[in-house]
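Each chain, letter by letter, is given below.
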Amino acid sequence: MKPAPFDYIRIDSAEEACALLAEHGDDARILAGGQSLVTVLNMRLAQPARLLDISRTAPLDYVRIDGGRLVVGAAATQASVEWRAGLSTEVPLLGHAFPYISHFQVRNRGTVCGSVAHADPSAELPLCLALLGGEVVLRSRRGRRVLPAGDFFQGMLTTARQDDELVEEVRYPLAAPGWGYAFEEFSARHGDFAIVACAAAVGADEIRLGVGGVADRPRVLRLPRLEGEALAAALNDFAWELEARDDPHASARYRRHLVRRLGLRAIEDAGRRAGAT
Ligand SMILES: Cc1cc2nc3c(=O)[nH]c(=O)nc-3n(C[C@H](O)[C@H](O)[C@H](O)COP(=O)(O)OP(=O)(O)OC[C@H]3O[C@@H](n4cnc5c(N)ncnc54)[C@H](O)[C@@H]3O)c2cc1C
């Protein structure tokens, strides 16, 4: 299918995007990398009258370190973060996660903020943001607000973003000294969306495990440094809490199995890396 007709508007600044979003609300959509939106348009799941293309909006194309965070502007592609020379020490979790996101052609066009705004429950970048306790900066003509990832993601493809708001930037906390990070995922083929994805961060006294692909949004479990049967029991409880459902890709039972297995593997890898730092 082809999309319904729309007006195409090339955006030069965040101010211009916010002015048009304020004027047209849900009838205008931000076009970033187009890697999710174009499919939605082609299937006519959305029929906005205007597309606001920010993919070449220079003031929004930045990736920088600021205040202990990696800050990624709305026009910055996934590849521009993935290929940062310092990424493996700045936010090592992202370095582990990027290879699981589709293929490099998609990451060359797709943006980090677009993935966060789209909020697919299987997507890797929202999961990393939730696990690390990152932030989303929303901007509109009314001003800016900064939301913790845990408040931003509200459900399947649903966020706290209002129709007149631009996701201006997202902020990933830098690696904390003494912590290790790991990412594990199972999908039908390499590059497909995750059936289950697990991100782990392990410090001296704490384990954090994030799971994508099971609940309607990324979910994060915080534990003390449990081991052996106590850890296995905690992972089993968490796997049940996520209320997995059967779908054509996997049964709920298989998803729970993956949470237990991949979760444990990610925690063990992150724990080894924590020991090595
Ligand atoms: C073949 C294929 C395989 C893929 N596999 C994976 C995968 O394994 N894992 C994964 O995570 N993703 C995958 N993706 C999706 C990809 O990562 C997308 O790039 C990403 O989800 C959306 O980013 P985008 O910049 O392309 O956003 P777009 O497609 O342009 O926009 C997506 C949505 O977010 C909104 N939006 C975008 N930017 C903003 C903003 N700054 N402010 C407000 N709203 C905004 C748009 O209006 C739209 O509703 C895949 C895509 C394809 C085509």
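As a reminder, the structure under discussion sits directly above these lines.
What counts, and at which threshold
Residues numbered from 1 in each chain as written. Predicted model: local features only at pLDDT ≥ 70, side-chain atom pairs only at ≥ 80, totals over all residues. Heavy atoms only, no water. Phe/Tyr/Trp six-rings, centres within 6.5 Å; stacked < 30°, edge-to-face > 60°. Helix = DSSP H or I, 4+ residues; strand = E, 2+ residues; numbered from the N terminus. Buried < 20%, exposed > 50% of the residue type's maximum accessible area, 1.4 Å probe, protein only. Lys NZ or Arg CZ within 6 Å of the ring centre and 35° of its normal. Near = heavy atom within 4 Å. Polar contact = N/O pair within 3.5 Å; in protein donor to acceptor, adjacent residues only side chain to side chain. Areas by Shrake-Rupley, 256 points an atom, 1.4 Å probe, with all protein chains shown as cover.

Enquirer: Can you explain the packing of aromatic side chains? Please cite residues and give values.
Expert: Going through the model one piece at a time under the given rule, you end up with three aromatic pairs. For the pair Phe186 and Tyr254, a centre-to-centre distance of 5.9 Å together with 90° between the ring planes defines the contact as edge-to-face. Highlighted residues: Phe186 in strand β11 (residues 180–186) and Tyr254 in helix α11 (residues 252–276), separated in sequence by 68 residues. For Phe186, a relative accessible area of 32% corresponds to the partly exposed category. Take Tyr254: its relative accessible area is 33%, and that puts it in the partly exposed class. If you follow Arg64 out to its NZ or CZ, it ends over the ring of Tyr62, 4.1 Å from the centre. For the cation-ring pair, Arg256 lies above Trp240, with the distance from its terminal atom to the ring centre recorded as 3.7 Å.

Enquirer: Tell me what's going on with the site of the ligand, and back it up with residues and numbers.
Expert: Neighbouring residues of the ligand: 30 residues in total, closest Ile30, Gly34, Leu37, Thr111 and Glu124. Within the backbone of Ser115, one N or O atom sits 3.5 Å away from an oxygen atom of the ligand. Between the ligand and Val167, the relevant distance is 2.9 Å, taken from a nitrogen atom to a main-chain nitrogen or oxygen of the residue. Its free accessible area being 970 Å², the ligand has 88% of it covered by the protein chains.

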